[in-house]
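Close look at the chain arrangement
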Amino acid sequence: STTGGVIIGGGAETGTITVGQATTAATQTISISSANGVSSTQTVEIAGGISTTSGGKVVNIANGTPGASTTNTVSIGTGGTTTGTVGITIGSSGAAAHTTTIQGGNGAGAVSIQAAASGTISVGTSNNNNLALNTAAVAGTTTIGGTSTTGTITLGQSTDTSTINIGSNNSLASGKTQTINLGTSTGAGSTTTINIGSTIAGLTTIQSAGGLKISTV
């Protein structure tokens, strides 16, 4: 049939509907609207509709715990190449306490965000957001920029009145030492140029309770 509809389960269904339940088969494939489309739009909706009173929609995908030497793999929108585009949206930005969590394990590539060559990765570029980066780390390392980066790294580019703080935590514990290195590269044959202060207006203050040391090599 090319028209009409197929309904599985009733409007007051409280039981379980199972599609595919193989447990001992070597492989099993379940396909939903996976045929090649020709001048057509295929829409697959899961947990749509509005929950008007109590309750809500719970969607579990690959939530089973992998057994020894097994892997659960979830791929979403990975088929994009040079024809057409793939658009994926996860989470809601509506004005409510919505949450989106992306988490990984303890491996070197636990969580990766990657665009194609020359692609742009944007974080918090549409709304006024508060961005916290690696704030829970005690012994972790936060790195910005690669070892072969030839472009420009900019911290603060506002054209309005603003404050940029580097190493200005007022809660440094008594007896602790905070070290800030600027332009301390020791690469043989390299040159480092440091500019501090404006040539137009403003005040540059250098202060220290333990004295100042200026040396040349």
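Because the structure is a prediction, the values reported are computed rather than measured. (Residues numbered from 1 in each chain as written. Predicted model: local features only at pLDDT ≥ 70, side-chain atom pairs only at ≥ 80, totals over all residues. Heavy atoms only, no water.)

**Thoughts on the overall build of the protein chain**
Within the protein chain, the regular secondary structure consists of 0 helices and 0 strands. Taking 217 residues into account, the globule formula puts the C-alpha radius of gyration at 17 Å, and the protein chain, at 28 Å, lies well above it. Out of the 217 residues in the protein chain, the part that is buried amounts to 0%. Restricting to contacts in the protein chain with at least 6 residues of sequence separation, those with at least 24 account for 0%. Total accessible area on the protein chain is roughly 21100 Å²; 49% of this is exposed by carbon and sulfur atoms. (Helix = DSSP H or I, 4+ residues; strand = E, 2+ residues; numbered from the N terminus. Rg over C-alpha atoms; globule rule 2.2 N^0.38 Å. Buried < 20%, exposed > 50% of the residue type's maximum accessible area, 1.4 Å probe, protein only. Contact = heavy atoms within 4.5 Å. Areas by Shrake-Rupley, 256 points an atom, 1.4 Å probe, with all protein chains shown as cover.)

**Some details on unusual backbone geometry**
You will see that Ser33, though not glycine, has its phi angle at about 50°, which is positive. Although it is not a glycine, Ser69 sits at a positive phi angle of roughly 65°.

**Topic: the layout of surface pockets**
Roughly 3600 Å³ of volume is contained in the largest pocket. Lining the largest pocket are 45 residues, with Thr100, Ile102, Ile113, Ser122 and Val123 sitting closest to its centre. Forming the walls of the second largest pocket are 16 residues, and the residues nearest its centre are Ile32, Ile46, Val59, Asn60 and Ile61. When grouped by side-chain class, the residues that make up the lining of the second largest pocket number 8 nonpolar, 6 polar and 2 charged. (1 Å grid on protein atoms, 1.4 Å probe; cavity = no way out; pocket = protein on both sides within 12 Å on 5 of 7 lines; lining within 4 Å. Points joined across faces, edges and corners; volume = space filled by probe spheres on them. Nonpolar A, V, L, I, M, F, W, Y, C, P; charged D, E, K, R; others polar.)

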